[in-house]
Number of protein chains: 2
Amino acid sequence: MLATTERTTVRQRPQRGSHDPDLIAAILDEALTCTVAFVDDGRPVSIPTTHWRMGERVLFHGGMGSRLGRMMAAGADLCVTVTLVDGLVLARSAFHHSMNYRSVVLFGQAEEISGPAEKEAALAALIEKLTPGRYASVRPPTQKELAATRLLALPIAEGSAKVRSGPPVDDEADMSWPVWAGVVPVAVVKGEPVAG
Amino acid sequence: MLATTERTTVRQRPQRGSHDPDLIAAILDEALTCTVAFVDDGRPVSIPTTHWRMGERVLFHGGMGSRLGRMMAAGADLCVTVTLVDGLVLARSAFHHSMNYRSVVLFGQAEEISGPAEKEAALAALIEKLTPGRYASVRPPTQKELAATRLLALPIAEGSAKVRSGPPVDDEADMSWPVWAGVVPVAVVKGEPVAG
C-alpha cells in the first residue's frame, strides 16, 4: 500500500479512494497521457505530457530546453494526475448524473535519469508501452539523441487512486421517473494504422 | 484570439501552439474531463474533474464540502488542462516517436455561479453535453439539490491550445530503415448503453 499522508487522504467520497499499488500501476499503464503540475512564481501550471512506468517509478521525457523538464530536474514539488473515463452515468434525476472513471494523483519530486544505458532503457520502455515488441525493430537512439533528451522519474510513493463504477444511484422516489437510466460505456480504442 | 501573455506563450514547438478561440472551444467541448491545478500550502495539487462550456466560460461543479470547490470559490489561481489523444506516432527511429494530440491550458480565477435559475441552467448544460436533448426528460433539481451543488465558471481568456497531427517526421537517413512507420489512430468511443 502507498502511504496515506495528509495530502493523499481521499476526503470527497472516500469510499472511492484506494492506495493499492497494483490498482495505481494498472491505471498509470493504461493511460497514454497525464498532467504534471508544478508551482511557478507562486502560481499553478499543469502541462499535459506522456508518461510510462518502470516498476515503482513513473517516467517522463522532454527536450533539454523545456520548462517542465527543467522544473522537474530542479526537484520541484510535482502533482501528477491521470484520468481514465469508463462511462457516462445517466441517472433519472439531473442531480445524480455522474461518470465512471479511474484516476490517480501522485505527489513527489522527480529525479533525472542519467547515463546513456539507463536513458536508452527508459526510451525503450516508452516505445514498448506504445507498441509492445516494437523497440527491437526501430533505429536505436544515437549518443547525440540521448544527450538531447531529458528523462525523469517520479517514485510511486505518495498518492492515491479513485474509482467510480457501476450504475447510477437514484433516490428511491425517482425510480419510476419515465426516462432511460444507465451507463453509456466510454473507451479509448485504437483504429486501423495509417502508414506514413 | 485569446491574449498572448507571458504564461500563454507556447515555447516548446511553438508551431504547434494556437490562441484561436474556436479551436480552444472545440477541444474543451470534446473532452469529458480536465484537471484543475491550484497551489495549496505552497505545493501543487491537480484534481481530475468534469468540465463543460457555456459560451466563453468553462464550468465546473462539486459538493459544498470539496476542497477543490472551496479553493475555486475563494478565487485561487487555477490552471485548467484538457488533453485529447488522437494517435500514436510510430517513427522509424526511437527518437522521433510521438503522439498526435490536441490540448488546452487555461489560466485564471473562477467565479461562483449563484442563484437557482443560473445554477439550474448550468447543470442543464452539463447534462446536454453528456447526452444532447436529455435534460428535458430527467427529474429536475430541487432547491435543496441546487443549494448542495457548488458551480464555478472560469473565463476562457488567458490560455492556449497545442496540436500535433500527421505522420511521423523521421530523419532523411532513416527513411529506408526496415520497420513499419505511421500513425495508429486513437479515439474515445461510446459503447452500447447498459440500462441500470
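What you see is a predicted model, and the numbers here were worked out from it, not measured in a lab.

Engineer: Teacher, can you tell me more about the sheet that holds strand β4 (residues 52–54) of chain A here?
Structural biologist: Across a sheet, paired strands are connected by hydrogen bonds in the backbone, their directions being either parallel or antiparallel. Residues and elements named next belong to chain A. Taken in spatial order, the four strands of this open sheet run β4-β5-β9-β8, and their pairing is antiparallel. The outermost strands of the open sheet, each flanked by one partner alone, are β4 and β8 (111–112). Most of the contacts of helix α3 (residues 116–130) go to β4, to which it runs at about 125°, and overall it touches β4, β5 (57–63) and β9 (149–155).

Engineer: In this structure, what is going on with the relation of the copies chain B and chain A? I would like to understand it.
Structural biologist: Between the two copies of this chain, the relationship is a rotation about some axis together with a displacement along it. Least-squares fitting of chain B to chain A yields an RMSD of 0.0 Å, with the transformation described by 0.0 Å of translation along the axis and a rotation of 180°. Here the symmetry operator amounts to a two-fold rotation axis. Residue Val188 of chain B of chain B places its C-alpha closer to the rotation axis than any other residue of that unit, at 2.2 Å. Most of the interface of chain B is mirrored in chain A, where 100% of its interface residues again form contacts.

Engineer: I tried to follow the pairing of β9 of chain A on my own but got confused; where do I start?
Structural biologist: It is a general feature of regular strands that their side chains alternate between the two faces of the sheet. Residues and elements named next belong to chain A. β9 sits mainly inside the fold: six of its seven residues count as buried. As defined by bridge partners, β5 adjoins β9 across seven bridges and the pair is classed as antiparallel. By the bridge assignment for β9, His61 is matched with Leu151.

Engineer: I would appreciate a short explanation of the nonpolar core in the present structure.
Structural biologist: Taken as a class, soluble globular proteins show a tendency for nonpolar side chains to be buried jointly. One finds Val36 and Leu78 of chain A together with Val36 and Leu78 of chain B to be the most contacted residues of the largest nonpolar core, which totals 100 residues. Leaving out residues up to four positions away in the same chain, Leu78 of chain A has contacts with Val36, Ala37, Phe38, Met72, Gly108, Gln109, Ala110 and Leu154 of chain A together with Pro44 of chain B.

Engineer: Would you take a moment to explain the sheet that holds strand β5 (residues 57–63) of chain B for this structure?
Structural biologist: Residue and element names in this part refer to chain B. Here we have four strands laid out as an open sheet, ordered β4-β5-β9-β8, and antiparallel in their pairing. Every other strand in the sheet has two partners, leaving β4 (52–54) and β8 (111–113) as the edge strands with one partner each. Sheet twist, expressed as the average angle between the axes of neighbouring strands with direction ignored, equals 40°. The strands touched by helix α3 (residues 116–130) within the sheet are β4, β5, β8 and β9 (149–155), with β4 carrying the most contacts at an inclination of about 125°.

Engineer: Got a minute to help me understand the interface of chain B and chain A in this structure?
Structural biologist: How big an interface is tends to be stated in terms of the accessible area lost upon association of its parts. Taken residue by residue, the interface counts 66 residues in chain B and 66 residues in chain A. Taken together, the elements giving at least two residues each to the side of chain B that touches chain A come down to β2 (33–40), β3 (43–50), β6 (78–90), β7 (98–108), α3, β11 (182–190) and β12 (194–195) of chain B. Considering each element in turn, the side of chain B that touches chain A owes the most residues, nine residues, to β11 of chain B. Its residues placed into classes, the side of chain B that touches chain A shows 38 nonpolar, 18 polar and 10 charged. Sheet analysis places strand β12 (residues 194–195) of chain A next to β11 of chain B, joined by two bridges and oriented antiparallel. Directly across from Ala195 of chain A, in β11 of chain B, lies its bridge partner Gly182 of chain B.

Engineer: Looking at this model, I keep getting lost on helix α1 (residues 21–30) of chain A. Mind explaining?
Structural biologist: Quick reminder: α-helices carry 3.6 residues per turn. Residues three or four places apart thus point the same way. Residues and elements named next belong to chain A. Among the residues of α1, Ile24, Ile27 and Leu28 are the ones counted as buried. Buried residues in α1, looked at end-on, bunch into an arc of 100°, giving them a common side. Turned more than 90 degrees away from the buried face of α1 sit Asp22, Asp29 and Glu30, all of them exposed. Residues of α1 that are buried sit in contact with β4, β5, β6 (78–90), β7 (98–108) and β10 (158–164).

Engineer: Teacher, can you tell me more about α3 of chain B here?
Structural biologist: Over its 15 residues, α3 of chain B runs 21 Å from end to end, which matches the ideal 21 Å to within 8%, given 1.5 Å per residue. Buried-residue contacts for α3 of chain B involve β4, β5, β8, α4 (143–148) and β9 of chain B.

Engineer: I tried to follow the pairing of β7 of chain B on my own but got confused; where do I start?
Structural biologist: Residues and elements named next belong to chain B. Of all the 11 residues making up β7, nine are buried; the element is thus mostly covered by neighbouring parts of the structure. Both β6 and β7 contribute to a ladder of 11 bridges, which runs antiparallel. Bridged to Thr83 within β7 is Ser103. Looking at chain direction, β7 and strand β10 (residues 158–164) are connected through seven bridges and run antiparallel. When the sheet's bridge partners are listed, Tyr101 is paired in β10 with Arg164.

Engineer: It is not clear to me how the confidence of the model for chain A should be interpreted in this structure. Could you clarify?
Structural biologist: The predicted coordinates of low-pLDDT regions are not to be read in fine detail. Looking at chain A, pLDDT values average 96 and 100% of them are 70 or higher. With a pTM of 0.97, the predicted complex shows an ipTM of 0.96.

Engineer: For this particular structure, what's the right way to read unusual backbone geometry?
Structural biologist: Peptide bonds are mostly trans, and most non-glycine residues show a negative phi. Even without being glycine, Arg13 of chain A reaches a positive phi, approximately 50°. Looking at the secondary structure, you find Arg13 of chain A in the segment before β1 (17–18).

How each quantity is defined
- Residues numbered from 1 in each chain as written.
- Chains lettered and ligands numbered in written order.
- Predicted model: local features only at pLDDT ≥ 70, side-chain atom pairs only at ≥ 80, totals over all residues.
- Pairing = 2+ DSSP bridges.
- Helix = DSSP H or I, 4+ residues; strand = E, 2+ residues; numbered from the N terminus.
- Contact = placed C-beta atoms within 7 Å.
- Axes fitted to C-alpha atoms, helices over the stretch in contact; angles between N-to-C directions.
- Least-squares fit on C-alpha atoms with pLDDT ≥ 70 in both.
- Buried ≥ 20, exposed ≤ 12 C-beta atoms within 10 Å, placed from the backbone.
- Core = buried A, V, L, I, M, F, W, Y, C linked by C-beta atoms within 7 Å.
- Nonpolar A, V, L, I, M, F, W, Y, C, P; charged D, E, K, R; others polar.
- Arc of directions from axis to C-beta.
- Expected span 1.5 Å × (residues − 1).
- pLDDT = per-residue confidence, 0-100.

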